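If you want the building blocks of each chain, they are given just below.
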Amino acid sequence: MVGKIVLETGDILSPPKPDESSRKMVTSESQAADDLKAKGDMLKDSSGDLIGNEESVVSEKPDESSRKMATSESQAADDLKAKGDMLKDSSGDLIGNEDSVVSEKNIPQDLIELILQRLPVKSIFRFKLTCKDWRSLSTLPRFIYKHLQVSQRRLFLHIRGSQVWQLDLETATYSRIQDFGEEIGSISHCDGLVLLSTSCYEPSTKTLSRRIAIWSCSHGECAWIPRIGLSFYDFYCLGRDSKKSYKVLRFTHGRHDQGDFEAEAEAELYDLDSHRWKTVEIIDDWITHGNGNFGVVSVETSSYWVAATEGKYFVQSFDFTAECFRAITLPKAVALSGGNTLALSPFEHQKLSILCQIADKTELWITQVGDVVNWERFLVFRGHQLIPHNPAFLIMEKMVKVFCEEVTVDRSFAKIKIRQIGQGGFEDTQIAQYRFDRPTRSCLYTESLVPLP
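Rules and cut-offs
- Counting from 1, residues in each chain are numbered in the order their sequence is written.
- The predicted nature of this model means local features are confined to residues of pLDDT at least 70 and side-chain atom pairs, given and counted, to a pLDDT of 80 or more, with totals for whole chains, interfaces and linings taken over all residues.
- Based on all heavy atoms of the structure, the side-chain values leave hydrogens and waters out of the count.
- The secondary structure listing takes helices from DSSP runs of H or I that are at least 4 residues long and strands from runs of E that are at least 2 residues long, numbered from the N terminus.
- Exposure categories follow from relative accessible area, calculated using a 1.4 Å probe and restricted to protein chains: below 20% of the type maximum is buried, above 50% is exposed, and the middle band is partly exposed.
- Whether two residues are in contact is decided by their heavy atoms, any of which lying within 4.5 Å being enough.
- Only residues whose relative accessible area exceeds 30% and that take part in no salt bridge are eligible for patches, with like-charged residues grouped when within 9 Å of each other and nonpolar side chains (Val, Leu, Ile, Met, Phe, Trp, Tyr) grouped when within 5 Å.
- Computed by Shrake-Rupley with a 1.4 Å probe, the accessible areas treat only the displayed protein chains as cover when residues are assessed.
- Put simply, a salt bridge is a Lys or Arg side-chain nitrogen that is within 4 Å of an Asp or Glu carboxyl oxygen.
- Only four residue types enter the charge count, namely Lys and Arg as positive and Asp and Glu as negative; His and the chain termini do not.
- Here the site of a charge means atom NZ of a Lys, CZ of an Arg, CG of an Asp or CD of a Glu.
- What we call a nonpolar core is a set of buried Ala, Val, Leu, Ile, Met, Phe, Trp, Tyr and Cys residues that are connected through their side-chain atoms within 4.5 Å.
- Where each domain starts and ends comes from a domain assignment, either automatic or drawn from a database.
- Two rings from Phe, Tyr or Trp (for Trp, the six-membered ring) form a pair when their centres are within 6.5 Å of each other. A pair whose planes differ by under 30 degrees is stacked, one over 60 is edge-to-face, and the rest are tilted.
- Strand pairing is assigned whenever DSSP detects at least two bridges linking the two strands.
- Axis definition: a line fitted to C-alpha atoms, over the contacting stretch in the case of helices. Angles run 0 to 180 degrees between N-to-C directions.
- For every residue, the predictor states its confidence as a pLDDT score lying anywhere from 0 to 100.
- The term disulfide is used for any two cysteine sulfur atoms that are within 2.5 Å.

Visitor: Account for the overall build of the chain, naming residues and giving values.
Guide: When you go through the chain residue by residue, the secondary structure sums to 7 helices and 25 strands. Relative to its full complement of 453 residues, the chain shows a buried share of 50%. Long-range contacts, defined here as pairs at least 24 residues apart, represent 54% of the contacts in the chain between residues at least 6 apart.

So this is what it looks like as structure tokens:
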């Protein structure tokens, strides 16, 4: 079974066609200026911006998402043109003759990469269809991971039954992007790849069984991982090691749904390159916080989730390079809080954050990931409504945006909201409403060019 996403259609960009007429000899700096300005015009025209010709103006009002996309691409074009103006000013006014010709080869490659790294994934997919060099560039691991680091376009994914819905924070739109046809039980994310587990009915045995899959939301591809005998008490994490090799961790505190109520904890690792499972050591002196609503996040080469032992909370992690578990202590006030909400989220580059809410007080703590962990209190908020258990959230400057699903008292409808919490208070923005029929889960997702392993 292969999932598929149909990207929205958009304008097709045409690569610059050099004029075959005679070229004027100009200095190399002036040529670079001409090239950059022309490339900026080409990008700006193709991005859907108003060109100035009445015939080229679309009569229909573009939706907010398209307008945002055009603005992003137009800004990239402006960057190119501004760079060209700067070079032109420094080299003298040697340009302006219609006989001068644009040559793409003269545009500095590092400048092209710099601009493309800041474009949304959808824009890069559009551009690479018409430019062979850009298509090749977008498949290079060096460019893929630099784009992942620079762009950082974050979305919320919302799991409803067999369907995956997306909430775009930039456009405030909520839309269905995939239906897997099977009930989705858990979800985790790493570098733009999504790991999900599903439940399917086996007619031969008249029982439910579990399957796991890797899904690329951006590329619209899905690959099912071979494994029989999966338990509904299993937990799953997706991560990568230092060599950019992606792996799946499966662990359980006991397969109580398979008749063995005295089963011990076990863990194993699946390598998406070698397609093999291997056993890893696990010491079962802790329990996973959240159980069915398991909230796991990946930062660099490790996955993190909240766990508890002897009445104290801590962060349990798994290092995909060393292939081992590692416990991370929390600040004493958080570890002993027993708060209403404890949730993790990635923050900036190579940082981990934890949100802790007790009554109407919410604290955000930040730490750098690695061998040395040093938690720092980042923000403290008071006087706002309760945050749902194990929420997906995003820190933006000095505020927090939380994905909230509020179910009506009679449990007939659910409202999708973005709760923005800051020092000045909180504000709820309702995005959508739907008929509620089952518990759901959400996670923070980062768009990327990373292909399916």
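That shown, we press on.
Visitor: Lay out a negative patch on the surface in plain terms, naming residues and giving numbers.
Guide: A grouping of Glu264, Asp284, Asp285 and Glu310 is seen on the molecular surface, where their side chains present a negatively charged patch. Here Asp284 shows up in the loop between β11 (276-280) and β12 (287-288). Judged by relative accessible area, which is 41%, Asp284 ranks as partly exposed.

Visitor: A description of the nonpolar core should follow, citing residues and the corresponding values.
Guide: Membership of the largest hydrophobic core comes to 31 residues, with the highest contact counts inside it found for Leu116, Ile214, Ile225 and Leu238. Those elements giving two or more residues to this core turn out to be α3 (109-116), α4 (121-128), α5 (132-137), α6 (141-151), β5 (193-202), β6 (207-216), β8 (234-240) and β9 (246-252). Counting residues domain by domain, this core receives three or more from each of domain 1 (113-146) and domain 2 (152-445). Of all hydrophobic cores here, the second largest spans 19 residues; its members include Val297, Val299, Val315 and Ile328.

Visitor: Which residues make up the packing of aromatic side chains, and what are the values?
Guide: Within the structure shown, the criterion is met by 15 aromatic pairs. Between the aromatic rings of Phe318 and Phe320, the centroid separation amounts to 5.1 Å while the plane-to-plane angle is 75 degrees, which identifies the pairing as edge-to-face. This pair shows no difference in class: Phe318 is buried, exactly as Phe320 is. A centroid spacing of 5.3 Å and a plane angle of 55 degrees characterise the contact between Phe347 and Phe378, whose relative ring orientation is tilted.

Visitor: Now, about the sheet that holds strand β4 (residues 183-190): what can you tell me, with residues and values included?
Guide: The 4 strands are arranged β4-β5-β6-β7 in an open sheet whose pairing can be described as antiparallel. Only two strands of the sheet have a single neighbouring strand rather than two, namely β4 and β7 (221-225). Recorded for the sheet is a direction-independent mean angle of 30 degrees between the axes of neighbouring strands. Inspection of the sheet shows β6 paired to β7 by 5 bridges, in the antiparallel sense. Each bridged residue has a counterpart across the sheet, and for Trp215 the counterpart in β7 is Cys222.

Visitor: Hey, could you go over the sheet that holds strand β1 (residues 154-160) for me, with residue numbers and the actual values?
Guide: With respect to topology, 4 strands assemble into an open sheet ordered β3-β2-β1-β25, the strand pairing being antiparallel. A strand with exactly one partner marks an edge of an open sheet, and here the two such strands are β3 (173-179) and β25 (441-446). Each neighbouring strand pair of the sheet contributes to a mean axis angle of 30 degrees, computed without reference to strand direction. As judged from the 6 bridges shared by strand β2 (residues 163-168) and β3, these two strands associate in the antiparallel manner. Looking at β3, one finds that Val164 is bridged to Gln178.

Visitor: Account for the pattern of salt bridges, naming residues and giving values.
Guide: Following the criterion strictly, the structure yields 21 salt bridges and no others. In this structure, Asp191 engages Arg240 in a salt bridge whose closest nitrogen and oxygen atoms are separated by 2.5 Å. In this pair, Asp191 sits in the loop between β4 and β5 while Arg240 sits in strand β8, placing the two residues 49 residues apart along the sequence. For the pair formed by Asp191 and Arg240, the shared burial category is buried. In this structure, a network of salt bridges that share partners links the residues Arg227, Asp234, Arg250, Glu266 and Glu268.

Visitor: Could you give an account of α4, with specific residues and numbers?
Guide: For α4, the buried fraction is high: 7 of the 8 residues fall into the buried class. For α4, the set of buried residues is Val121, Ser123, Ile124, Phe125, Arg126, Phe127 and Lys128.

Visitor: I'd like a description of a nonpolar patch on the surface, backed by residues and values.
Guide: Residues Tyr201, Leu208, Phe232 and Tyr233 make up a contiguous nonpolar surface patch of roughly 420 Å² in combined accessible area. By the secondary structure assignment, Phe232 is in the loop between β7 and β8.

Visitor: Which residues make up the environment of Ser442, and what are the values?
Guide: By the element assignment, Ser442 lies in strand β25. The spacing of Ser442 and Phe156 is 286 residues in sequence and 6.8 Å in space, taken between C-alpha atoms. The contacts of Ser442, once residues within four sequence positions are left out, are Leu157, His158, Ala392 and Phe403.

Visitor: Could you give an account of the confidence of the model for the chain, naming the residues involved and the relevant values?
Guide: In the predicted model, the chain carries a mean pLDDT of 79, and the fraction of residues at 70 or more is 74%. Residue range residues 1-30 is modelled with pLDDT below 50. Its contacts to residues more than four positions away, or to other chains, number 60 contacts. Below a pLDDT of 50 lies the segment residues 43-62, which in the model reaches 22 contacts outside its immediate sequence neighbourhood of four places, other chains included.

Visitor: Provide a residue-level description of the state of the cysteines, including the pertinent values.
Guide: Evaluated as defined, the whole model comprises 0 disulfides. No disulfide involves Cys217; its sulfur sits 9.8 Å from the nearest other cysteine sulfur, which is in Cys443. Under the relative-accessibility criterion, Cys217 is labelled buried at 8%. Residue class for Cys443 comes out buried when judged on its relative accessible area of 10%.

Visitor: Can you explain the environment of Gln385? Please cite residues and give values.
Guide: Considering the arrangement of structural elements, one finds Gln385 in the loop between β20 (376-382) and β21 (393-396). Along the backbone, Gln385 and Lys361 are 24 residues apart, and their C-alpha atoms lie at a distance of 9.3 Å. Once residues within four sequence positions are removed from consideration, Gln385 is found in contact with Gln357, Glu406, Arg419, Phe426 and Asp428.

Visitor: Run through the pairing of strand β14 (residues 302-309), naming residues and quoting values.
Guide: Judged by how many residues are buried, β14 sits mostly within the fold: 7 of 8 residues are covered. Pairing analysis gives 2 bridges linking β12 to β14, with the strands arranged antiparallel. Each bridged residue has a counterpart across the sheet, and for Ile287 the counterpart in β14 is Ala308. Where strand β13 (residues 296-299) meets β14, 4 bridges bridge the pair, whose relative direction is antiparallel. For Ser298, the partnering residue across the bridge sits in β14 and is Ser303. Between the end of β13 and the start of β14, which pair antiparallel, lie 2 residues, with Glu300 showing a positive phi angle near 55 degrees. The sheet contact formed by β14 and strand β15 (residues 312-319) spans 8 bridges and is antiparallel. Within the sheet, the bridge partner assigned to Val306 lies in β15 and is Val315. Linking β14 to β15, which pair antiparallel, is a turn of 2 residues; within it Glu310 sits at a positive phi near 50 degrees.

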